[in-house]
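# Observations on the three-dimensional arrangement
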Amino acid sequence: MLQETPLRSVAAGVPGEGKRPHGARPLFFISDLHLNEAIPHTVAAFEHFIRITAEEADSVFILGDLFEYWIGDDMLSDPFVARMATLMHTLSERGIALYIMHGNRDFLLGKRFMKMAGAIWLPDPFVITAFGTRIALAHGDALCTADRGYQLFRLFARNRFAQMLFLAWPFRWRRKLAENMRSNSEHGRMRPISIKYDVTPKAVAALFNASKAATIIHGHTHLPARHREPGGTRWVLPDWDLDHGGHRGGYLRIDAEGIRALPLD
Ligand code: MN
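Summarised in this report is the structure supplied together with it. (Residues numbered from 1 in each chain as written. Predicted model: local features only at pLDDT ≥ 70, side-chain atom pairs only at ≥ 80, totals over all residues. Heavy atoms only, no water.)

## Digging into the coordination of the manganese ion
Donor atoms from the polypeptide that bind the manganese ion are Asp65 (OD), Asn104 (OD1), His139 (NE2) and His220 (ND1), placed at 2.0 to 2.3 Å. The motif formed by the donor residues of the manganese ion, counted along the single chain, is D-x38-N-x34-H-x80-H. With aspartate 65 in the loop between β2 (59–63) and α2 (79–93) and asparagine 104 in the loop between β3 (97–101) and α3 (111–117), this residue pair connects regions lying 39 residues apart in the sequence. Across this residue pair, the class does not change: aspartate 65 and asparagine 104 are buried. (Donors = N, O, S within 2.8 Å, 3.2 Å for Na, K, Ca; no water. Helix = DSSP H or I, 4+ residues; strand = E, 2+ residues; numbered from the N terminus. Buried < 20%, exposed > 50% of the residue type's maximum accessible area, 1.4 Å probe, protein only.)

## A word on the sheet that holds strand β7 (residues 215–218)
Read across the open sheet, the 5 strands follow the order β5-β6-β7-β9-β8; overall the sheet is mixed. Pairing within the sheet leaves two strands with one partner each, and these edge strands are β5 (126–130) and β8 (225–229). Averaged over neighbouring strand pairs, the angle between their axes works out to 25° when direction is ignored. Taken together, the 5 bridges between β5 and strand β6 (residues 133–137) define a ladder with antiparallel strand orientation. Within β6, the position partnered with valine 127 by the bridge is alanine 136. (Pairing = 2+ DSSP bridges. Axes fitted to C-alpha atoms, helices over the stretch in contact; angles between N-to-C directions.)

## Regarding the sheet that holds β2
The 6 strands are arranged β4-β3-β2-β1-β10-β11 in an open sheet whose pairing can be described as mixed. Unpaired on one side and paired on the other, β4 (120–122) and β11 (258–262) mark the two borders of the sheet. Direction aside, neighbouring strands of the sheet carry axes that sit 25° apart on average. Bridge count between strand β10 (residues 251–255) and β11: 5 bridges; the pairing is antiparallel. Across the sheet, residue leucine 252 finds its bridge partner in β11, namely alanine 261.

## Details of unusual backbone geometry
Put simply, aspartate 124 and proline 125 share a cis peptide bond, and its omega is 0°. Secondary-structure assignment places proline 125 in the loop between β4 and β5. You will see that aspartate 65, though not glycine, has its phi angle at about 55°, which is positive. Unlike most non-glycine residues, phenylalanine 131 shows phi in positive territory, near 50°. Counting through the fold element by element, phenylalanine 131 comes out in the loop between β5 and β6.

## Notes on a nonpolar patch on the surface
A grouping of Phe153, Phe156, Trp169, Trp173, Leu177 and Met181 is seen on the molecular surface, where their side chains present a nonpolar patch of about 590 Å² in accessible area. Take the nonpolar patch: its biggest share by element is 3 residues, from helix α6 (residues 171–184). With respect to the helices, strands and loops of the structure, methionine 181 is situated in helix α6. (Patch = residues over 30% accessible without salt bridge, like charges linked within 9 Å, V, L, I, M, F, W, Y side chains within 5 Å. Areas by Shrake-Rupley, 256 points an atom, 1.4 Å probe, with all protein chains shown as cover. Salt bridge = Lys/Arg side-chain N within 4 Å of Asp/Glu carboxyl O.)

## Here we look at the pattern of salt bridges
The tally for this structure, following the rule as stated, stands at 12 salt bridges. Between arginine 94 and glutamate 55 there is a salt bridge, with the nearest N and O atoms lying 2.8 Å from each other. Pair noted here: arginine 94 is in the loop between α2 and β3 and glutamate 55 is in the loop between α1 (40–51) and β2, with a separation of 39 residues, a long-range link. The salt bridge partner of aspartate 239 is arginine 248, with a shortest N-O separation of 2.7 Å. Overall, aspartate 239 belongs to the buried group, its relative accessible area being 4%. A relative accessible area of 32% places arginine 248 in the partly exposed class.

## Thoughts on the packing of aromatic side chains
In this structure the tally under the stated criterion is 12 aromatic pairs. Relative to tyrosine 251, the ring of phenylalanine 28 lies with its centre 4.9 Å away and its plane at 50°, an arrangement referred to as tilted. Note that phenylalanine 28 is positioned in strand β1 (residues 27–30) and tyrosine 251 in strand β10, a separation of 223 residues in sequence. Centre to centre, the rings of tyrosine 150 and phenylalanine 153 are 6.2 Å apart; their planes meet at 45°, and the pair counts as tilted. Of this pair, tyrosine 150 and phenylalanine 153 both sit in helix α4 (residues 148–157), separated by 3 residues, roughly a single helical turn. By way of ring pairs, the aromatic residues Phe28, Phe49, Trp240 and Tyr251 are connected into one cluster. (Phe/Tyr/Trp six-rings, centres within 6.5 Å; stacked < 30°, edge-to-face > 60°.)

## Let's talk about the pairing of β6
With antiparallel pairing between neighbouring strands as the criterion, β5 and β6 make up a hairpin whose turn holds 2 residues, including phenylalanine 131 at a positive phi of roughly 50°. Here β6 pairs with β7 via 3 bridges, running parallel. Pairing of alanine 136 across the sheet is with isoleucine 216, part of β7.

## Observations regarding the environment of isoleucine 96
Here isoleucine 96 is to be found in the loop between α2 and β3. Taking the relative accessible area as the measure of exposure, isoleucine 96 reaches 0% and is therefore buried. With 22 residues separating them along the chain, isoleucine 96 and glycine 118 place their C-alpha atoms 9.9 Å apart.

Pasting the structure below:
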């Protein structure tokens, strides 16, 4: 389902509610940080991004998999998680809008989290108009349609009733299940993550069509690139990993000049 609702910032051409005028300030896009306590350098890079890099932004969009896993908003009682939410809340305090889309790992991020982070939740996919251009945003997992098993899981996992049942479990059961899924899956504890399935041309064409956008931005595949597709341009966001010997990461910046992929400071 493609949804489109007015954003409160320049992304929709609507005068901002923030403390600063939303003139030609850029929009920033990130995804796939997979934050957790075990990756302190990646966490530090995120803190720098929010405190320093984002300072000039009109809005920050996080297109999924901000956290390694999310098993319910009662995770907010964890000091690390609370610290991340408080950090993100400084954006709205500084007049910078924060939009968060669910990923395949943190699709249970709920209202309590969004409130604590000062964030507005975006459905997947979602269309914005930025600087006069329509842009379709997605996490990207729904575009990997060759992975039938995963798509079946996704259908189940996004079912509200199934989610209600899961969230009613004791916290330690949920954590156990999440940890089992992490260690069983090919992109569990082993990093760098390899994801077997890329997006399919058919799913990409369908999204270009449904959104009437000539630009798509998504993450998930950990294959950062700018693709020329029959339907338009497809930007793939980089995943972040500064804890396994490399320096992966970066963000997309959109302003009146266009879209640019930038490395971390
Ligand atoms: Mn993902």
